[in-house]
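Structural overview for review
Letter by letter, the chains look like this.
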Amino acid sequence: AFGVVADIQFADAEDGYDFGGCRRRYYRNSLRLLREAVQAWAGESPPIDFVLQLGDSIDGQNARRGEAESALQQVLEVLGQLSVPVHHAWGNHELYNFSRARLVHSGLYSRPAGGSDGPPDRECHAYHCSPAPRLRLVVLDTYDVSTLGTDPGGPRYQESLRLLREKNSNDDLNSPEGLKEPHFVAFNGGFSQAQLDWFNEVLKFSDENQEKVIVTAHVPIHPCASNGVCLAWNYEAALSVIHSHRCVVCVLAGHLHDGAYCLDSHGVHHLTLEGVIETPPESNAFATVYVYEDKLVLKGRGRIPDRVMCF
């Protein structure tokens, strides 16, 4: 069993609204909801084995307020009350607050130190592990190709900006207005070929060893588990890797605060979790997932509905 939570986006700030000005965000309250989640996970019986934090742990406004380090510390202190590992995905809001180089040396860097479990690029926050026999967890980095958190003079930034401008002609690169492919916005990102090649090798190993694989990422990689905008730039390439193997049973993502779900044409479940940040104080948004030989049973709290995903 494991816990899962997405889009906490904590800031020590008064409630506000999203970029469109119409969706309320409960910045300060999100930390209280996280505490409730941690208390619930700590009381699970049988106990959970790990927690997935699907990215956007703190809000981008912390950078403007000079509070990025303190906000992150508060979130990590709450998660640190757990006696089990926490696997972190990196989201756009982490990269609004910190450079990739800084995140490597932060508590959000959950990639093990060994080196053989992830791509050669240590700043690519992708890795895999086996939390139980014949079960593998793969954490993907959906901002491996991105203009966020990188040196504007460096090749990663320049190549990402070229790709983005090729698809997005808007002055505001965060705007999907009028785009043929509306997911090509700056608050999304994509996968390098090196990460995709590594991912393919991991799934090949799992196929050969008859493992079930759960994939996690901040940004959804299936359009039917998205609103069409919150979607990885080259999601088709990631799906192609997944669909060329038999082992993946589920992809868990965040980023889209409303949540979404689909069962794709290859029998893979794609579940996008509702975000804590837009959850009213009287509710919550976290889940515990129970793993069986033939299914995942998700017990949701608050905004997140219960779900059974068979495979």
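All values reported here derive from a predicted model rather than from experimental measurement. (Residues numbered from 1 in each chain as written. Predicted model: local features only at pLDDT ≥ 70, side-chain atom pairs only at ≥ 80, totals over all residues. Heavy atoms only, no water.)

All right, on to the sheet that holds strand β12 (residues 285-291) then. Strand order in this open sheet of six strands is β5-β4-β1-β12-β13-β14, and the pairing throughout is mixed. In this open sheet, the two strands that pair with only one neighbour each are β5 (86-88) and β14 (307-310). Direction aside, the axes of adjacent strands within the sheet are offset by 20 degrees on average. Against the sheet, helix α1 (residues 29-42) engages β1 (2-5), β4 (50-53), β12 and β13 (295-302), with an angle of about 25 degrees to β12. (Pairing = 2+ DSSP bridges. Helix = DSSP H or I, 4+ residues; strand = E, 2+ residues; numbered from the N terminus. Axes fitted to C-alpha atoms, helices over the stretch in contact; angles between N-to-C directions. Contact = heavy atoms within 4.5 Å.)

What follows concerns unusual backbone geometry. For the bond running from Ser-45 to Pro-46, omega is 0 degrees, close enough to zero to count as cis. Its location among the elements puts Pro-46 in the loop between α1 and β4. Non-glycine residue Arg-134 carries a positive phi angle of around 60 degrees. Secondary-structure assignment places Arg-134 in the loop between β6 (127-132) and β7 (135-139). In the Ramachandran plot, Gln-210 falls in the positive-phi region, its phi being about 55 degrees despite a non-glycine side chain. Relative to the helices and strands, Gln-210 is located in the loop between α7 (193-208) and β8 (212-216).

Quick look at the sheet that holds strand β11 (residues 269-272) now. Hydrogen bonds along the backbone pair up the strands of a sheet, which may run parallel or antiparallel. On the basis of which strands lie adjacent, the open sheet formed by six strands has the order β6-β7-β8-β9-β11-β10 and mixed pairing. Edge strands, defined here as strands with exactly one partner in the open sheet, are β6 and β10 (260-263). Taking the axes of each pair of neighbouring strands and ignoring which way they run, one obtains an average angle of 15 degrees across the sheet. Where β10 lies against β11, four bridges are found, and the strand directions are antiparallel. Looking across to β11, one finds that Ala-260 is bridged to Thr-272.

Moving on to the nonpolar core. Counting 82 residues, the largest nonpolar core has Trp-41, Phe-199, Ile-221, Val-248 and Leu-252 as the members making the most contacts within it. Ranked by residues supplied to this core, first place goes to helix α3 (residues 68-79) with seven residues. What Trp-41 contacts, discounting residues up to four positions off in sequence, is Gly-3, Val-4, Val-5, Ile-48, Val-51, Leu-82, Phe-286, Ala-287 and Thr-288. Counting residues in hydrophobic clusters, the runner-up holds eight residues, among them Val-145, Leu-161, Ala-186 and Trp-233. (Core = buried A, V, L, I, M, F, W, Y, C linked by side-chain atoms within 4.5 Å. Buried < 20%, exposed > 50% of the residue type's maximum accessible area, 1.4 Å probe, protein only.)

Looking at where His-87 falls in the secondary structure, it is placed in strand β5. Sequence separation of His-87 and Arg-111 is 24 residues, and the distance between their C-alpha atoms is 8.1 Å. When sequence neighbours within four positions are dropped, the list of residues in contact with His-87 reads Phe-50, Val-51, Leu-52, Gln-53, Ser-110, Tyr-127, Cys-129, Leu-137 and Val-139.

Direction vectors running N to C along α1 and α3 enclose 15 degrees, while the axes themselves pass 9 Å from each other. Judged by the angle between their axes, α1 and α3 are roughly parallel. Judged by the sense of rotation from one axis to the other, the crossing of α1 with α3 is right-handed. Only Gln-74, Val-75, Val-78 and Leu-79 of α3 make contact with α1, whose side of the interface consists of Leu-31, Leu-34, Arg-35 and Val-38. For the contact of α1 with α3, the per-class residue count stands at six nonpolar, one polar and one charged. (Parallel < 35°, antiparallel > 145°, perpendicular 65-115°, else oblique. Left-handed = near helix turned anticlockwise from the far one by under 90°. Nonpolar A, V, L, I, M, F, W, Y, C, P; charged D, E, K, R; others polar.)

Attention now goes to the environment of Gly-267. Topologically, Gly-267 is positioned in the loop between β10 and β11. Between the C-alpha atoms of Gly-267 and Asp-151, which are 116 residues apart in sequence, the distance is 40 Å.

Within the structure shown, the criterion is met by four aromatic pairs. A centroid spacing of 4.8 Å and a plane angle of 10 degrees characterise the contact between Phe-2 and Phe-50, whose relative ring orientation is stacked. With a gap of 48 residues between them, Phe-2 in strand β1 and Phe-50 in strand β4 connect regions that are remote in the sequence. Like Phe-50, Phe-2 is buried. Here Trp-90 and Tyr-109 contribute two aromatic rings whose centre-to-centre distance is 6.2 Å and whose plane-to-plane angle is 45 degrees, an arrangement assigned as tilted. You can see Trp-90 sitting in the loop between β5 and α4 (92-97) and its partner Tyr-109 sitting in the loop between α5 (100-103) and β6, a full 19 residues away along the chain. Both residues of the pair, Trp-90 and Tyr-109, belong to the buried class. Note that Arg-25 overlies the ring of Phe-19, its terminal NZ or CZ placed 5.7 Å from the centroid. Here the guanidinium or amino end of Arg-307 rests over the ring plane of Tyr-261, the centre of that ring lying 4.2 Å away. (Phe/Tyr/Trp six-rings, centres within 6.5 Å; stacked < 30°, edge-to-face > 60°. Lys NZ or Arg CZ within 6 Å of the ring centre and 35° of its normal.)

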